[in-house]
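If you want the building blocks of each chain, they are given just below.
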Amino acid sequence: GAVVSQHPSRVICKSGTSVKIECRSLDFQATTMFWYRQFPKQSLMLMATSNEGSKATYEQGVEKDKFLINHASLTLSTLTVTSAHPEDSSFYICSAPPMGGAYYGYTFGSGTRLTVV
Amino acid sequence: AQSVTQLDSHVSVSEGTPVLLRCNYSSSYSPSLFWYVQHPNKGLQLLLKYTSAATLVKGINGFEAEFKKSETSFHLTKPSAHMSDAAEYFCVVIPYNQGGKLIFGQGTELSVKP
């Protein structure tokens, strides 16, 4: 089945540095990738939608300059957390719809646990 | 607007007993509904999906869910819980005509006691 590979699974960085998270679709082409943020014991919150070859669409309240999204190819989407601060510490997950269409069920990456110290 | 509500934030069962995780939806259209499972610090895995075919949907690991339009419900069940079922479960709907965005329920944490 469709697989989305997300890396790194866990990262610790110093405050003020930037962190890049990658999501790759391994056996299908992902023209769209959704990026979520999840706080402990909470549901997933959609941050932004990336589309290959065009600008990402951000949800209300999400800072575009803080969370840079790039969808350079049909198999790679990246999220860069710039000038990270402790409040950015969270679990980030990407997701892509399968080639057959969204109604077949999305594939999720394994998530990235970001800790900013 | 379409939404899903998971009625229990936490459910605790004993190993070998039935599991019931409740989900109600709100939709003006025939919805596409999903159940996902998330183990700690992991991504989400699709358990099953309803897309207007059979109302009783069978998924992986012995889980199933029944779509009941009259009750606007899509409850997840399993006849006999296993320790490995302990995880967070999300009921999800895809709203009509919103570019494929998912709407998540609040999540239900399932604990399984030996």
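The preceding data block contains the structure.
The rules behind these values
Residues numbered from 1 in each chain as written. Chains lettered and ligands numbered in written order. Predicted model: local features only at pLDDT ≥ 70, side-chain atom pairs only at ≥ 80, totals over all residues. Heavy atoms only, no water. Pairing = 2+ DSSP bridges. Helix = DSSP H or I, 4+ residues; strand = E, 2+ residues; numbered from the N terminus. Axes fitted to C-alpha atoms, helices over the stretch in contact; angles between N-to-C directions. Contact = heavy atoms within 4.5 Å. Buried area = accessible area lost by both parts, 1.4 Å probe. Salt bridge = Lys/Arg side-chain N within 4 Å of Asp/Glu carboxyl O. Polar contact = N/O pair within 3.5 Å; in protein donor to acceptor, adjacent residues only side chain to side chain. Buried < 20%, exposed > 50% of the residue type's maximum accessible area, 1.4 Å probe, protein only.

Peer 1: Give me the lowdown on the sheet that holds strand S1 (residues 4-7) of chain A, citing residues and values where you can.
Peer 2: Residues and elements named next belong to chain A. Across the sheet, four strands lie side by side as S1-S3-S8-S7; this open sheet has antiparallel pairing. Of all strands in the sheet, those bounded by a partner on one side alone are S1 and strand S7 (67-73). The sheet shows a mean angle of 15° between the axes of neighbouring strands, direction not considered. In terms of strand pairing, S1 meets strand S3 (residues 19-25) through four bridges, oriented antiparallel. Following the sheet pairing, His7 is matched in S3 by Glu22.

Peer 1: How would you sum up the interface of chain A and chain B? Please name residues and give values.
Peer 2: Of the residues lining the interface, 22 residues belong to chain A; the matching set on chain B comes to 22 residues. Approximately 1,700 Å² of surface area, both sides summed, lies buried where chain A meets chain B, with 56% of it carried by carbon and sulfur atoms. Of the charged contacts in the structure, one is a salt bridge between Lys41(A) and Glu109(B), with a shortest N-O distance of 3.5 Å. Where chain A meets chain B, there are six residue pairs in polar contact (both at pLDDT 80 or more). If one sorts the elements of the side of chain A that touches chain B by residue count, strand S4 (residues 32-38) of chain A sits on top with three residues.

Peer 1: I'd like a rundown of the side chain of Thr112(A), residues and numbers included.
Peer 2: All names here are of chain A. With respect to the secondary-structure elements, Thr112 resides in strand S11 (residues 112-116). Assessed through its relative accessible area of 0%, Thr112 is described here as buried. A polar atom in the side chain of Thr112 sits 2.5 Å from the backbone oxygen of Pro8. Dropping the residues within four chain positions of it, Thr112 is found in contact with Gln6, His7, Pro8, Ser9, Val11, Ile21, Ser90, Phe91 and Tyr92.

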